[in-house]
Amino acid sequence: MIFYFSGTGNSRWVADTLGIALGEPVVSIAKELKTGKKEFVCPLREDEKVLFVYPVHSWGPAVPVARFISRLKLTGYDQQPVYSVSTCGDECGYTADIMRKALGKRGITLTASYSVIMPNNYILLPGFDVDSKEVEEQKLKEAPSAVAAIAEAIRDGKNVNLYKKGSLPGLKSYCVYPLFTNFAIGKNSFRVTDDCISCGLCERVCPTGTITLSDGKPVWSDTCVQCVACIHRCPVRAIEYGKISLKKGRYHHPGIK
């Protein structure tokens, strides 16, 4: 079983690709969270593998992933292999260790962690922007072989290093990430411009139900997790984040519609 969370489609593409390669069903964490259940009960087969596929946000797992795990109950779990597969623009820090601890609290042992380098999409802070078109295309070109290597390692039970920790992981994951989860989550400066065509796509792609439409225009509540789905998926670039996103690029995975 593959549980995934995705904003701009990178992790969704990885989850779908691994699902095909490993013959495992793919389950949306966002859809499960929207049910409002206090506990997510998932039965496991004896031969089943469990994967969590998700984006790295500020050198830690996307917040909805941690929320989902905190309410997850795997019935029939008897040390079946459990894997973490994170997508990141450059590096993951100690994201894998944070996932290991979160799963451990639910009595679940993390078998191995992997990462896949994908195009950058975070543009909500000064100094952060999408990759150049050349870099984006190169990352997308290399991604299939990276995912294939992960699938092979999982199928064969290989102990291989396919995880990019990067520099200063402790500072980034244990200092920056807590600041992000404490101060950035729930607060946002999203706004819509006069270019909005009231297509409603932003409301439909928002994985947390943060966006509602008022007179055909999006309104953001205080449940935002900064997945950046809305700002990147707007077909007419009518969504901005204060003034920070002005003149910055937009990106969503070309294979996810």
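How each quantity is defined
- Residues numbered from 1 in each chain as written.
- Predicted model: local features only at pLDDT ≥ 70, side-chain atom pairs only at ≥ 80, totals over all residues.
- Heavy atoms only, no water.
- Phe/Tyr/Trp six-rings, centres within 6.5 Å; stacked < 30°, edge-to-face > 60°.
- Helix = DSSP H or I, 4+ residues; strand = E, 2+ residues; numbered from the N terminus.
- Axes fitted to C-alpha atoms, helices over the stretch in contact; angles between N-to-C directions.
- Parallel < 35°, antiparallel > 145°, perpendicular 65-115°, else oblique.
- Contact = heavy atoms within 4.5 Å.
- Nonpolar A, V, L, I, M, F, W, Y, C, P; charged D, E, K, R; others polar.
- Disulfide = S-S within 2.5 Å.
- Buried < 20%, exposed > 50% of the residue type's maximum accessible area, 1.4 Å probe, protein only.
- Left-handed = near helix turned anticlockwise from the far one by under 90°.
- Salt bridge = Lys/Arg side-chain N within 4 Å of Asp/Glu carboxyl O.
- Core = buried A, V, L, I, M, F, W, Y, C linked by side-chain atoms within 4.5 Å.
- Domains from an automatic or database assignment.
- Arc of directions from axis to C-beta.

Under the annotation held in an unreviewed UniProt entry, the chain carries the name 4Fe-4S ferredoxin-type domain-containing protein and is attributed to Parabacteroides gordonii MS-1 = DSM 23371.

Examining the packing of aromatic side chains
Going through the model one piece at a time under the given rule, you end up with eight aromatic pairs. Consider the rings of Phe190 and Tyr241, whose centres lie 4.8 Å apart with planes at 75°: the pair is edge-to-face. One end of the pair, Phe190, is in strand E8 (residues 190–192); the other, Tyr241, is in strand E11 (residues 239–241), with 51 residues separating them in the sequence. Among the aromatic residues, those joined into a ring-pair cluster are Phe3, Phe40, Phe52 and Phe68.

Notes on the packing of helix H4 (residues 95–104) against helix H6 (residues 169–184)
Between H4 and H6, the least distance of the axes is 9 Å, while the angle of their chain directions is 70°. Considering their axes alone, H4 and H6 lie roughly perpendicular with respect to each other. Along its contact with H4, which presents Thr95, Asp97, Ile98 and Lys101, the element H6 presents Ser173, Tyr174 and Tyr177. For the contact of H4 with H6, a count of residues per class yields three nonpolar, two polar and two charged.

Some words on the state of the cysteines
Following the criterion strictly, the structure yields zero disulfides and no others. Here Cys196 stays unpaired: no disulfide links it, and the sulfur of Cys202, its closest cysteine neighbor, is 6.6 Å away. What makes Cys196 buried here is its relative accessible area of 15%. Here Cys206 stays free of any disulfide, with the sulfur of Cys227 as its closest cysteine sulfur at 6.0 Å. By relative accessible area, Cys206 is classed as buried at 7%.

Some words on the packing of helix H1 (residues 10–22) against helix H5 (residues 133–156)
Two elements in contact, H1 and H5, have axes separated by 10 Å at closest approach and are oriented at 45°. By the criterion of interaxial angle, the relationship of H1 to H5 is oblique. The handedness of the crossing between H1 and H5 is right-handed. Judged by residue contacts, Trp13, Val14, Thr17, Leu18, Ala21 and Leu22 of H1 engage Ala143, Pro144, Val147, Ile150, Ala151, Ile154 and Arg155 from H5. For the contact of H1 with H5, the class distribution of residues is 11 nonpolar, one polar and one charged.

A word on the pattern of salt bridges
Overall, the coordinates contain 13 salt bridges when judged by the stated rule. A salt bridge links Glu24 to Arg45, with the nearest nitrogen and oxygen atoms 3.7 Å apart. Of this pair, Glu24 sits in the loop between H1 and strand E2 (26–28) while Arg45 sits in the loop between strand E3 (40–43) and strand E4 (50–55); the two residues are 21 residues apart in sequence, bridging distant segments of the chain. Note on Arg45: relative accessible area 39%, which makes it partly exposed. One salt bridge connects Arg100 with Asp97, and the closest N-O pair in it is separated by 3.3 Å. With a gap of three residues between them, Arg100 and Asp97 both fall in helix H4, about one helical turn apart. On the basis of relative accessibility, which here comes to 37%, the residue Arg100 falls in the partly exposed class. By relative accessible area, Asp97 is classed as partly exposed at 27%. Residues participating in the shared-partner salt-bridge network are Glu24, Arg45, Asp47 and Glu48.

Details of the nonpolar core
Phe3, Phe52, Leu72, Leu74 and Phe190 are the most contacted members of the largest nonpolar core, which has 51 residues in total. Here this core gets four residues from one element, more than from any other, and that element is helix H3 (residues 63–69). Viewed by domain, this core spans two of them, domain 1 (2–180) and domain 2 (186–241), each represented by three or more residues. Excluding residues that lie within four positions of it along the chain, Leu74 makes contacts with Phe3, Cys42, Leu44, Val50 and Ile108. Formed by 22 residues, the second largest nonpolar core is a distinct cluster that contains Trp13, Leu51, Val53 and Tyr114.

Considerations on H4
Of the residues making up H4, those classed as buried are Thr95, Ala96, Ile98, Met99 and Leu103. In a view along the axis of H4, the buried residues occupy a sector of 160°, so they form one face of it. Packed against the buried residues of H4 are E4, H3, strand E6 (82–88), strand E7 (112–117) and H6.

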